[in-house]
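# Residue-level structure breakdown
These are the residues of each chain, in order.
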Protein chains: 2
Amino acid sequence: MELSSTPEPPYYAVIFTSVLSPDDEGYHEAADRMLELVAATPGFIGVDSARGADRLGITVSYFEDEAAIARWREQPEHAATRARGRERWYDAFEVRVARVERAYRSR
Amino acid sequence: MELSSTPEPPYYAVIFTSVLSPDDEGYHEAADRMLELVAATPGFIGVDSARGADRLGITVSYFEDEAAIARWREQPEHAATRARGRERWYDAFEVRVARVERAYRSR
């Protein structure tokens, strides 16, 4: 597994935390498709994602600026999939939009 | 599993992404101890954490302000454990400090 490479800050992070419902039919295919779509969004930098056995997941997507985040939010297939997620796949979720101010790495 | 509750933005998120080495002796005890310690830090709000079977993990800790992040960074036991993590437990990691500007939830 590789961590995302990101440029020198500032840039933006969309932090998506969720608890996946036990009834997750169709979820994994949709998640794969969303990764494909977000990667095609102008201004997208990268994404890191993890979900543990307790069904709590965190996906952090990195974008160059707020305009890129707006592009992704307004992508029609993404908007439709978010609605399915709210209705069917998640017991709870939260989306946080944050401006990355500094970063340190070791790899 | 419960997601962290956070106040109205702005507040800060420390996004820690890592790839855990297969040789992780002592890691889980240390991680539990760090959760105990961070929760005792003035200005700490909450933490969400997930690690998948591919060993990629994401921990997002929320703090009221930069002063609280500095307090946590300078906590002596935390500093010592970070050094062990760099040397022994992680194949790669990155820490990003970000200011949360807005948030939406469903639960």
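Residues numbered from 1 in each chain as written. Chains lettered and ligands numbered in written order. Predicted model: local features only at pLDDT ≥ 70, side-chain atom pairs only at ≥ 80, totals over all residues. Heavy atoms only, no water.

As named in an unreviewed UniProt entry, chain A is Heme-degrading monooxygenase HmoA, taken from Actinokineospora cianjurensis.

### Regarding the pattern of salt bridges
Close approach of charged atoms lets side chains of opposite charge pair. As a reminder of what qualifies: Any Lys or Arg side-chain nitrogen found within 4 Å of a carboxyl oxygen on Asp or Glu counts as a salt bridge. Helix and strand definitions here come from DSSP, where helices need a minimum of 4 consecutive H or I residues and strands a minimum of 2 consecutive E residues; each element is numbered from the N-terminal end. Throughout, exposure labels follow a simple rule: accessible area from a 1.4 Å probe, protein chains only, divided by the maximum for the residue type, with under 20% read as buried, over 50% as exposed, and the rest as partly exposed.
Applying the stated criterion to the full structure yields 16 salt bridges over all chains. Put simply, arginine 105 of chain A and glutamate 94 of chain B hold a salt bridge, and the shortest N to O gap is 3.5 Å. Remark: glutamate 94 of chain B occurs in strand 4 (residues 90-106) and arginine 105 of chain A occurs in strand 4 (residues 90-106); the pair is interchain, linking two chains. With a relative accessible area of 41%, arginine 105 of chain A lands in the partly exposed category. Here arginine 96 of chain B and glutamate 94 of chain B are joined by a salt bridge, their closest N and O atoms 3.5 Å apart.

### Remarks on the relation of the copies chain B and chain A
Put simply, the rule reads: The least-squares superposition of copies is restricted to C-alpha atoms, and to residues with a pLDDT of at least 70 in both copies. Residues are treated as being in contact if the distance between any of their heavy atoms lies within 4.5 Å.
Superposition of chain B onto chain A requires a rotation of 180 degrees combined with a translation of 0.0 Å along the rotation axis, giving an RMSD of 0.0 Å. Such values leave the two copies arranged in the relation of a two-fold axis. The overlap is high: 100% of the interface residues of chain B also sit at the interface in chain A, so the same surface is used on both sides.

### Let's talk about the nonpolar core
Our working rule: Side-chain atoms within 4.5 Å link the members of a nonpolar core, which is a set of buried Ala, Val, Leu, Ile, Met, Phe, Trp, Tyr and Cys residues.
Ile15, Ile58 and Val60 of chain A together with Ile15, Ile58 and Val60 of chain B are the most contacted members of the largest nonpolar core, which totals 26 residues. Broken down by secondary-structure element, the contributors of at least two residues to this core are strand 1 (11-20), strand 3 (56-63) and strand 4 of chain A together with strand 1 (11-20), strand 3 (56-63) and strand 4 of chain B. Look past the residues within four positions of isoleucine 58 of chain B in its chain and what remains in contact with it is Asp48, Ser49, Ala50, Ile58 and Val60 of chain A together with Ile15, Phe16, Thr17, Asp48, Ser49 and Ala50 of chain B.

### Side note on helix 3 (residues 76-89) of chain A
Residues and elements named next belong to chain A. Which entries qualify depends on this criterion: By this rule, a helix spans an expected 1.5 Å times one less than how many residues it contains. Here, the arc refers to the directions that run from the helix axis to the C-beta atoms.
Compared with an ideal rise of 1.5 Å per residue, which puts 14 residues at 20 Å, helix 3 spans 19 Å between its outermost C-alpha atoms and is within 8% of the ideal. For helix 3, the set of buried residues is His78, Thr81, Gly85 and Trp89. Here the buried residues of helix 3 occupy an arc of 65 degrees about the axis, which is enough to place them on one side. Exposed residues on helix 3 whose side chains face more than 90 degrees from its buried face are Pro76 and Glu87.

### A short note on the interface of chain B and chain A
What counts is decided by this rule: By definition, the buried area sums, over both parts, the 1.4 Å-probe accessible area that each loses when the two are put together. By the criterion applied in these results, polar contacts are pairs of N or O atoms within 3.5 Å in which, for protein atoms, one can donate a hydrogen and the other can accept it, and in which residues neighboring in sequence qualify only through two side-chain atoms. All residues other than Ala, Val, Leu, Ile, Met, Phe, Trp, Tyr, Cys, Pro, Asp, Glu, Lys and Arg, Gly among them, are scored as polar; the first ten of these are nonpolar and the last four charged.
Counting residues at the interface gives 43 residues for chain B, matched by 43 residues for chain A. Carbon and sulfur atoms make up 56% of the surface buried where chain B meets chain A, a total of about 3,600 Å² over both sides. Interface area lost by chain B to chain A is led by Leu3, Arg96 and Arg102 of chain B, which between them contribute 17%. Applying the counting criterion to the chain B and chain A interface returns four salt bridges. Counting across the interface, chain B meets chain A through 17 residue pairs in polar contact (both at pLDDT 80 or more). For the side of chain B that touches chain A, the elements supplying multiple residues, two or more each, are strand 1, strand 2 (44-51), strand 3, helix 2 (66-74) and strand 4 of chain B. It is strand 4 of chain B that contributes the most residues to the side of chain B that touches chain A, 16 residues altogether. Split into classes, the residues belonging to the side of chain B that touches chain A amount to 21 nonpolar, eight polar and 14 charged.

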